[in-house]
Amino acid sequence: MSEESLFEAPPLAEQERMIEAILFASAMPVTVPDLHARLPHGCDAPAALDQLRKRYEGRGVRVVRVGDAWAIRTAPDLAFLMTRETVETRKLSRAAIETLAIVAYHQPVTRAEIEEIRGVSVSKGTVEQLMELDWIKLGRRRETPGRPVTFVVTRAFMDHFGLETPRDLPGLKELRAAGLLDSTPPPDALPDAPEDAQEELFTPPPPDED
């Protein structure tokens with residue numbers, strides 16, 4: 001065997017099998033860089049993922065994109081079969097639901113902006129509860145006086161609600177139809193997600209220079 005062949009990437013079908021094994025064994029979505037770090041040198045993870053995704057179309061589980069990562073998840077129409085796996089249902093308070101909705105639709109958003117939209121102060125417990133659920137996290141600091149931190153939703157939030165990007169969030173009509181909004185909400189309470197939401201979503205906050 002020549003030295004050059006030692007570094008030759010395996011066939012695409014074999015790359016699919018490798019990625020399938022990684023996604024199947026991972027509890028969390030896996031990014032393309034993480035896949036490349038595990039796969040043999042020269043593998044084309046995006047191409048293999050595309051083929052694997054097509055292979056799973058119409059099956060009981062699907063290969064889905066979650067933000068900038070990939071995972072194997074149950075097909076949405078079969079979710080009812082998993083109901084027995086639910087051990088506990090944690091209900092969010094109205095304050096937590098409103099705060100989560102504001103972060104999802106306005107991200108990146110500061111605590112002061114959340115309070116301005118809600119019209120009341122945001123308790124530390126509400127923010128901590130959402131962060132413990134891993135549904136919101138700290139985003140970039142604003143380049144404004146005081147450099148306040150911002151909040152954004154997490155990949156876990158999108159994975160839980162079956163979203164690929166924040167732009168997949170339901171609109172006002174859908175939320176009202178589902179009974180999640182009053183019939184006469186504030187006109188600017190839940191605008192469309194900002195265009196830079198996806199970019200902000202997975203960007204860790206820079207270290208505090210203070």
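Since the model is a prediction, treat every value here as computed from it, not as a measurement.

Basis of the calculations
Residues numbered from 1 in each chain as written. Predicted model: local features only at pLDDT ≥ 70, side-chain atom pairs only at ≥ 80, totals over all residues. Heavy atoms only, no water. Helix = DSSP H or I, 4+ residues; strand = E, 2+ residues; numbered from the N terminus. Buried < 20%, exposed > 50% of the residue type's maximum accessible area, 1.4 Å probe, protein only. Polar contact = N/O pair within 3.5 Å; in protein donor to acceptor, adjacent residues only side chain to side chain. Contact = heavy atoms within 4.5 Å. Salt bridge = Lys/Arg side-chain N within 4 Å of Asp/Glu carboxyl O.

> Which residues make up the side chain of Gln 15, and what are the values?
Structurally, Gln 15 can be placed in helix α1 (residues 12-25). For Gln 15, a relative accessible area of 4% corresponds to the buried category. A distance of 2.8 Å separates the side chain of Gln 15 from the backbone nitrogen of Asp 44, its partner in a polar contact. Beyond its immediate stretch of four places on either side in the chain, Gln 15 contacts Ala 9, Pro 10, Cys 43, Asp 44, Ala 45 and Ala 48.

> Which residues make up the pattern of salt bridges, and what values do they have?
Per the counting criterion, the structure on display carries 9 salt bridges. When the shortest N-O distance is used, the salt bridge between Glu 16 and Arg 55 registers 2.9 Å. Pair noted here: Glu 16 is in helix α1 and Arg 55 is in helix α3 (residues 45-55), with a separation of 39 residues, a long-range link. We classify Arg 55 as exposed; its relative accessible area is 52%. A salt bridge links Lys 54 to Asp 50, with the nearest nitrogen and oxygen atoms 3.4 Å apart. With Lys 54 and Asp 50 both in helix α3 and 4 residues apart, this pair spans about one turn of that helix.

> Outline the environment of Gly 42, supporting the account with residue identities and numerical values.
Of note, Gly 42 is situated in the loop between α2 (32-38) and α3. Accessibility expressed as a relative area gives 52% for Gly 42, which makes it exposed. Through-space distance from the C-alpha of Gly 42 to that of Ala 9 is 4.9 Å; in sequence the pair is 33 residues apart.

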